[in-house]
Amino acid sequence: MNCTEFIAQLDELFERHNIQQQLRAELRTHLSTCDHCVVTYNTTRQTIEIYRNNELYELPDDLHEKLHSAIMERCAKSKKPC
């Protein structure tokens, strides 16, 4: 299994409780050898958990301001109202 195949099957790990054992083993084997996909898997898992728990996280003020500025700059460049 390569990274593209892993990403294509990633939802199987999260959404299917009765995933085929062979597919689960292939996905786990790929995770054991690919740091990039480990990060993708962990980030996706954490994102799903946050949304399922309806958790809100406060951004630090400086990060909030940087993010807001970046969004407004992007909007200004696209000439679409924000």
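Residues take numbers from 1 onward in each chain, read along the sequence in its written order. Selection of residues for local features in this predicted model requires a pLDDT of at least 70, selection of side-chain atom pairs for listing and counting requires 80 or more, and totals for whole chains, interfaces and linings are taken over all residues. For the side-chain quantities, the full set of heavy atoms in the structure was used; hydrogens and water were omitted.

(A) Expanded view of the packing of helix α1 (residues 3-15) against helix α3 (residues 35-53). Between α1 and α3, the shortest axis-to-axis distance is 11 Å and the interhelical angle comes to 30°. As far as their axial angle goes, α3 and α1 are roughly parallel. Crossing geometry of α1 relative to α3 is assigned as right-handed. For the pair α1 and α3, contact is made by Cys-3, Phe-6, Ile-7, Leu-10, Leu-13, Phe-14 and Glu-15 and by Cys-37, Thr-40, Tyr-41, Thr-44, Arg-45, Ile-48 and Arg-52, respectively. Gly is put with the polar residues, along with every residue not named as nonpolar or charged; the nonpolar set is Ala, Val, Leu, Ile, Met, Phe, Trp, Tyr, Cys and Pro, and the charged set is Asp, Glu, Lys and Arg. Tallied by class, residues from the contact of α1 with α3 come to 9 nonpolar, 2 polar and 3 charged. Here the axes come from fitting lines to C-alpha atoms, over the contacting stretch only for helices, and the angles between their N-to-C directions go from 0 to 180 degrees. Strands here mean DSSP runs of E at least two residues long; helices mean DSSP runs of H or I at least four residues long; both are numbered from the N terminus. Orientation labels follow simple angle bins: below 35 degrees gives roughly parallel, above 145 gives roughly antiparallel, 65 to 115 gives roughly perpendicular, and whatever is left gives oblique. With the far helix as reference, a near helix turned anticlockwise by less than a right angle produces a left-handed crossing, and one turned clockwise produces a right-handed crossing. Whether two residues are in contact is decided by their heavy atoms, any of which lying within 4.5 Å being enough.

(B) Inspection of the side chain of Glu-12 at higher detail. When you line up the elements, Glu-12 lands in helix α1. Those residues within four positions of Glu-12 in sequence are excluded, and the remaining contacts are Ile-19 and Leu-23.

(C) Representation of the state of the cysteines in the model. Disulfide: a pair of cysteine sulfur atoms within 2.5 Å of each other. The tally for this structure, following the rule as stated, stands at 0 disulfides. Free of any disulfide, Cys-34 has its nearest neighbouring cysteine sulfur in Cys-3, separated by 3.5 Å. Distance from the sulfur of Cys-37, which forms no disulfide, to the nearest cysteine sulfur (Cys-3) is 3.6 Å. For the exposure calls, accessible area comes from a 1.4 Å probe over protein chains only, and a residue counts as buried if that area is under 20% of its type's maximum, exposed if over 50%, partly exposed in between. Cys-37 sits in the buried class, given a relative accessible area of 0%.

(D) Up close: the pattern of salt bridges. Take a side-chain nitrogen of Lys or Arg and a carboxyl oxygen of Asp or Glu: if they are within 4 Å of each other, that pair is a salt bridge. Under the counting rule described, the total for this entry stands at 2 salt bridges. Among the salt bridges present, the one from Glu-49 reaches Arg-45, with a minimum N-O distance of 3.4 Å. Placement of the pair is Glu-49 and Arg-45 together in helix α3, with a separation of 4 residues, close to one helical turn. Its salt-bridge partner being Lys-77, residue Glu-73 comes within 3.4 Å of it at the nearest N-O pair. Residue Glu-73 and its partner Lys-77 are both found in helix α4 (residues 61-78); the two are separated by 4 residues, about one turn of the helix. The exposure class of Glu-73 is partly exposed, given its relative accessible area of 48%. With relative accessibility at 63%, the residue Lys-77 sits in the exposed group.

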